[in-house]
Amino acid sequence: MLAMFNRPFRTYDPDHFLRLIRMADYYGSLQVVSCALDKEFSLGLQIDWLKPKLGNKACEVLWAAAILENIPLFCNCLILCLGPWDDPIYHQLEDPRLRELASRKFGEIDRKST
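Just so we're clear, the structure is a prediction, and the values are computed from it rather than from any experiment. Residue numbers run consecutively from 1 along every chain, following the written order of its sequence. Whole-chain, interface and lining totals are the exception, using all residues; otherwise, since this is a predicted model, local features are given only for residues with pLDDT of at least 70 and side-chain atom pairs are given and counted only at 80 or more. As a rule here, side-chain values cover all heavy atoms of the structure and leave hydrogens and water aside.

Peer 1: What's the story with the nonpolar core in this structure? I'm lost.
Peer 2: If you look at soluble globular proteins, the nonpolar side chains tend to sit buried side by side. Side-chain atoms within 4.5 Å are what join buried Ala, Val, Leu, Ile, Met, Phe, Trp, Tyr and Cys residues into a set we call a nonpolar core. Working definition: with a 1.4 Å probe on protein chains only, accessible area under 20% of the residue-type maximum means buried, over 50% means exposed, and in between means partly exposed. In terms of nonpolar packing, the biggest core is built from 28 residues, with Phe17, Leu68 and Leu73 touching the most fellow members. Only helix H1 (14–27), helix H2 (30–42), helix H3 (58–68), helix H4 (71–81) and helix H5 (96–113) provide two or more residues apiece to this core. Ranked by residue count, the leading element in this core is H3, at seven residues. Per the convention used, a helix needs a DSSP run of H or I reaching at least four residues, while a strand needs a run of E reaching at least two, with both numbered from the N terminus.

Peer 1: What is the right way to read the environment of aspartate 38 from this model?
Peer 2: Structurally, aspartate 38 is set in helix H2. C-alpha separation for the pair aspartate 38 and leucine 73, spaced 35 residues apart in sequence, amounts to 8.5 Å. It only takes one pair of heavy atoms within 4.5 Å for two residues to be counted as in contact. With sequence-adjacent residues up to four places away left out, aspartate 38 is seen in contact with Asn70 and Pro72.

These values are about where atoms sit, not about what they do.
Structure, rendered in structure tokens:
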């Protein structure tokens, strides 16, 4: 609700964020939440849990970033989905388009590193 009134909001962990996205989808306010996240990224703020706590939720948050159409969040999550190098977690993506995109990006990095 805070994002709908252009007020700052905090998400504390990936599960909290995913609940927020499901509620925003239900209420038809995905664009508002995306704009609020853009504002945080443009101010140079990082979401506290984004890298250290994301872990195996990176694929789910990547899906959320895709439906939010939030480019900074999408790029951050895509990078996290491509690791670890020996067993990348992007294989867990359920959306075939996201899995294909991650596979192509992983291949590009692999070609550049060899």
